[in-house]
Amino acid sequence: THMSKPVILLADADLDQLNSLAVLLSRHFRVMKAPDGASAYLALKDKKFDLIVTETDMSGFKGIELIDRIRKEGINTPVILYCKKPSTLELKKAL
């Protein structure tokens, strides 16, 4: 039998990067794209994902705020958080 691909929520405000990452990940995953933190949050309220991949600096609210919100609601989906311009403060918040 053919196993279905795991489903990833991919969130990034940079649409070029969002689309490029979606193409790369779609070989092994079903990818749902969100162009901002609010869209990602709504998607997480509506559907179960196997993994969340989010950029830290998005409009609406940041990737770290997204993680804080969903964790408070008991959504414990694994997260990969990445940033284009890492800072010590962002890294501390992520941990």
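As shown above, the structure is provided for reference.
Every residue gets a number counted from 1 within its own chain, in the order that chain's sequence is written. Residues qualify for local features only when their pLDDT is at least 70, as the model is predicted, and side-chain atom pairs are given and counted only at 80 or more; totals for whole chains, interfaces and linings, by contrast, use all residues. Side-chain calculation: all heavy atoms of the structure are included, whereas hydrogens and water are not.

Notes on the pattern of salt bridges
Here is step 1 of the chain: The term salt bridge refers to a side-chain nitrogen of Lys or Arg lying within 4 Å of a carboxyl oxygen of Asp or Glu. Evaluated as defined, the whole model comprises 1 salt bridge.
Here is step 2 of the chain: The residue Glu-73 makes a salt bridge to Lys-45 at a minimum N-O spacing of 2.8 Å. Placement of the pair is Glu-73 in the loop between α3 (63–72) and β4 (79–82) and Lys-45 in helix α2 (residues 37–46), with a sequence separation of 28 residues.
Here is step 3 of the chain: Accessibility here uses a 1.4 Å probe with only protein chains present; expressed as a share of the type maximum, an area under 20% marks a residue as buried, one over 50% as exposed, and anything in between as partly exposed. Judged by relative accessible area, Glu-73 falls into the partly exposed class, the value being 38%. Secondary structure elements follow DSSP: runs of H or I no shorter than four residues count as helices, runs of E no shorter than two count as strands, and numbering proceeds from the N terminus.

Notes on the packing of α2 against α3
Here is step 1 of the chain: Relative orientation of the contacting elements α2 and α3 amounts to 25°, with a least axis distance of 10 Å. Considering the angle they form, α2 stands roughly parallel to α3. For the crossing formed where α2 meets α3, the hand is right-handed. Along the contact surface, α2 presents Gly-37, Ala-40, Tyr-41 and Leu-44, while α3 presents Leu-66, Arg-69 and Ile-70. An axis is simply a line fitted to the C-alpha atoms; with a helix, the fit covers only the stretch in contact. Between two such axes, the angle follows the N-to-C directions and lies from 0 to 180 degrees. Orientation labels follow simple angle bins: below 35 degrees gives roughly parallel, above 145 gives roughly antiparallel, 65 to 115 gives roughly perpendicular, and whatever is left gives oblique. Handedness of a crossing is defined here by the sense of rotation of the near helix relative to the far one, left-handed for an anticlockwise turn of less than a right angle and right-handed for a clockwise turn. In this description, contact between two residues means that some pair of their heavy atoms is separated by no more than 4.5 Å.

Notes on the packing of aromatic side chains
Here is step 1 of the chain: We call Phe, Tyr and Trp rings a pair once their centres come within 6.5 Å, taking the six-membered ring for Trp, and we label the pair stacked below 30 degrees between planes, edge-to-face above 60, and tilted otherwise. This structure, assessed with the given rule, holds 0 aromatic pairs.
Here is step 2 of the chain: The residue whose ring lies beneath Arg-69 is Tyr-41, and the NZ or CZ to ring-centre distance is 5.8 Å. Both a distance and an angle decide whether a charge sits over a ring: NZ of Lys or CZ of Arg must be within 6 Å of the ring centre and within 35 degrees of the ring normal.

As for the sheet that holds strand β2 (residues 30–34)
Here is step 1 of the chain: Taken in spatial order, the 4 strands line up as β2-β1-β3-β4 in an open sheet, and their pairing is parallel. On the outer flanks of this sheet lie β2 and β4, each paired with one strand and no other. Strand-to-strand twist in this sheet, taken as the mean axis angle between neighbours without regard to direction, amounts to 15°.
Here is step 2 of the chain: Strands were regarded as paired on the criterion that DSSP finds at least two bridges between them. Pairing between strand β1 (residues 7–11) and strand β3 (residues 51–55): 4 bridges, direction parallel.

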